[in-house]
Amino acid sequence: MSGPDLPPARPAPAPRGMIRIGRIAGTEVHVSTSWFLIAALIAYLMGPRVDQVQPGLGGWKYVVGLAFAIALYLAVLLHEASHAVAARRYGFHVHSITLHFLGGATAIEGEAKRPRQEFWIAVVGPITSLLVGAAALGLWFVTPPGLLRLVVEGLAGANLIIGVLNLVPGLPLDGGRVLKAGVWAATGRVHTGTVVAAWGGRVTAVLVVLWAVWSAGAGSVVNPVLLCVVAVFLWTGATQSLHSAKVVGRLSAVVASDLARRTLAVPDDLPLAEAVRRAQEARAGSIVTITSDGRPIGVVDEQAVKAMPEDRRPWVPVSMVARGLDDGVTLPASITGSQLVEAIRRTPASEYVLVADDGSVFGVLATADVARAIRQAG
Ligand SMILES: [Zn+2]
């Protein structure tokens, strides 16, 4: 799942080192080139085992191994697709599914708004893997010994392992997001949930390193290296989650009403010259036009005012140089942090009109000021 990338959110094109293989459940699927390495490795490791079950295949034993690797990653794809389907049901835009050598990832735009969403989007993945694993296990009992049974056995084992390991309560694993949802629900603070779950991920990484040390002592060679790779993957993912939680935390210090420019509200039929005179007198940075009952209807465009010859200004209404307010450019004055960023992302504009609880004009918020405040908070 993608972190809270700060504005503006640009849809990334097909990333480097990725090959697009198609779509599943309406989502682009990319395969990282590193996957081919692991597929070759799986084929190589499976070869002797295939030979054992079905001797005399020669080089074809590696083809069977490769077929197994593909089946394994189809299972991973199913796991990721379930995340994608759950996220879409909650109305999130799912960017892509990526298969890489340690499994897969689903890039979802935006963050869960409630613990319940976070929980379900995360938990469906392991549930899917466990169900597929259980189905394969059932199939194993009725499959006669041979190559097919070997593949079914591998699928059952792999899916059950993927399902169980992903439930380990540490970010970036699904179990970490389940833990995050739980802490979030209990404390009401998403930030606390992320921090707890990220530390869960770091502790898991340390445990995996200890496991690697232990299995190296036990004489195995491949496992310790693989375990160390997994530990690095976990530590890096957990650290990224902590970092983005920090960014979101700082973001909450960005308050729209603090950033509002001093604004003068004038009736929209007032002569422009008079509006400018009043604005200068009030030292207002912007002018908003309002209806007779005080509702904002436009923002005066500075460039348009400058373009209007001085001698015409007394004769034109201020509405002549005002831009109408489209949907989404009036925001509640109380809006803050990530909600503010989200609102800007939804309706990009250079400025917004902040409206107080009673519907009156609070001030004008310039997007440039928000960007500066975010930079300073960081
Ligand atoms: Zn997952």
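In this text the structure is predicted, and so the values were computed from the model without any measurement.

**A few points about the coordination of the zinc ion**
Next up, step 1: Within the protein, His79 (NE2), His83 (NE2), Asp174 (OD) and Asp174 (OD) serve as the donor atoms for the zinc ion, at 2.0 to 2.7 Å.
Next up, step 2: Around the zinc ion, the 4 donor atoms are arranged such that angles at the metal cover 53 to 148°; this shape is classified as irregular.
Next up, step 3: Sequence spacing among the residues donating to the zinc ion works out to H-x3-H-x90-D. On the criterion of sequence distance, the pair formed by His79 in helix α2 (residues 60–89) and Asp174 in helix α5 (residues 174–187) is long-range, its members being 95 residues apart. Neither residue differs from the other here; His79 and Asp174 are each classed as buried.

**Brief notes about the UniProt feature "transmembrane region" (unreviewed entry) in the protein**
Next up, step 1: In the numbering used here, UniProt assigns the "transmembrane region" (unreviewed entry) feature to residues 29–47, 59–78, 90–108, 120–142, 154–173, 194–214 and 220–238.
Next up, step 2: Across residues 29–47, the secondary structure splits into 74% helix and 21% strand, with the terminal C-alpha atoms separated by 28 Å.
Next up, step 3: Taken as a whole, residues 90–108 contains 0% helix and 68% strand, while its terminal C-alpha atoms sit 11 Å from one another.

**Observations concerning the environment of Ala205**
Next up, step 1: When you line up the elements, Ala205 lands in helix α6 (residues 190–217).
Next up, step 2: Residue classification places Ala205 among the buried positions, given a relative accessible area of 3%.
Next up, step 3: It is 40 Å that separates the C-alpha atoms of Ala205 and Pro348, two residues lying 143 residues apart in sequence.
Next up, step 4: Not counting chain neighbours up to four residues away, the residues in contact with Ala205 comprise Ala231, Leu234 and Trp235.

**Details of the sheet that holds strand β1 (residues 18–24)**
Next up, step 1: The 4 strands lie next to each other as β1-β2-β3-β4, forming an open sheet whose pairing is mixed. If you trace the sheet from one side to the other, it starts and ends with β1 and β4 (103–108), each paired once. Averaged over all pairs of adjacent strands, the angle between strand axes in this sheet comes to 25°, irrespective of strand direction.
Next up, step 2: Across 6 bridges, β1 lies against strand β2 (residues 27–32) in antiparallel orientation.

**Concerning the nonpolar core**
Next up, step 1: One finds Ile42 and Tyr73 to be the most contacted residues of the largest nonpolar core, which totals 29 residues.
Next up, step 2: Put simply, the parts of the chain that give this core at least two residues each are β2, α1 (34–53), α2, β3 (94–100), α3 (115–142) and α4 (147–165).
Next up, step 3: For this core, the leading source of residues is α2, giving 11 residues.
Next up, step 4: Every residue in contact with Ile42, bar those within four places of it in the chain, is listed here: Gly65, Phe68, Ala69, Leu72 and Tyr73.
Next up, step 5: Core analysis: the second largest hydrophobic core is formed by 17 residues, Val329, Leu340, Val341 and Tyr352 among them.

**Structural notes on the packing of α2 against α4**
Next up, step 1: α4 packs onto α2 with a crossing angle of 35° between their chain directions and a minimal axis gap of 10 Å. Crossing hand, α2 versus α4: right-handed. For the pair α2 and α4, the contacting residues are Val64, Phe68, Ala71, Leu72, Ala75, Val76 and His79 in the first and Leu147, Val151, Gly154, Leu155, Ala158, Asn159 and Ile162 in the second.
Next up, step 2: The class makeup of the residues in the contact of α2 with α4 is 11 nonpolar, 3 polar and no charged.

**Considering the pattern of salt bridges**
Next up, step 1: All chains considered together, the criterion is met by 14 salt bridges.
Next up, step 2: Here Asp369 ties to Arg261 by a salt bridge, and the two come within 2.9 Å at their closest N and O atoms. One end of the pair, Asp369, is in helix α12 (residues 367–377); the other, Arg261, is in the loop between α8 (256–259) and β5 (263–267), and 108 residues separate them in sequence.
Next up, step 3: A relative accessible area of 35% means that Arg261 is categorised as partly exposed.
Next up, step 4: Of the charged contacts, one joins Glu342 and Arg345 as a salt bridge, the two residues approaching to 3.7 Å between their closest N and O atoms. Within this pair, Glu342 and its partner Arg345 are both found in helix α11 (residues 337–346), separated by 3 residues, close to a single helical turn.

Procedures and definitions
- Residues numbered from 1 in each chain as written.
- Predicted model: local features only at pLDDT ≥ 70, side-chain atom pairs only at ≥ 80, totals over all residues.
- Heavy atoms only, no water.
- Donors = N, O, S within 2.8 Å, 3.2 Å for Na, K, Ca; no water.
- Tetrahedral: all angles 85-135°; square planar, octahedral: opposite > 155°, others 65-115°.
- Helix = DSSP H or I, 4+ residues; strand = E, 2+ residues; numbered from the N terminus.
- Buried < 20%, exposed > 50% of the residue type's maximum accessible area, 1.4 Å probe, protein only.
- UniProt positions renumbered as here; feature names shortened; annotations may be inferred.
- Contact = heavy atoms within 4.5 Å.
- Pairing = 2+ DSSP bridges.
- Axes fitted to C-alpha atoms, helices over the stretch in contact; angles between N-to-C directions.
- Core = buried A, V, L, I, M, F, W, Y, C linked by side-chain atoms within 4.5 Å.
- Left-handed = near helix turned anticlockwise from the far one by under 90°.
- Nonpolar A, V, L, I, M, F, W, Y, C, P; charged D, E, K, R; others polar.
- Salt bridge = Lys/Arg side-chain N within 4 Å of Asp/Glu carboxyl O.

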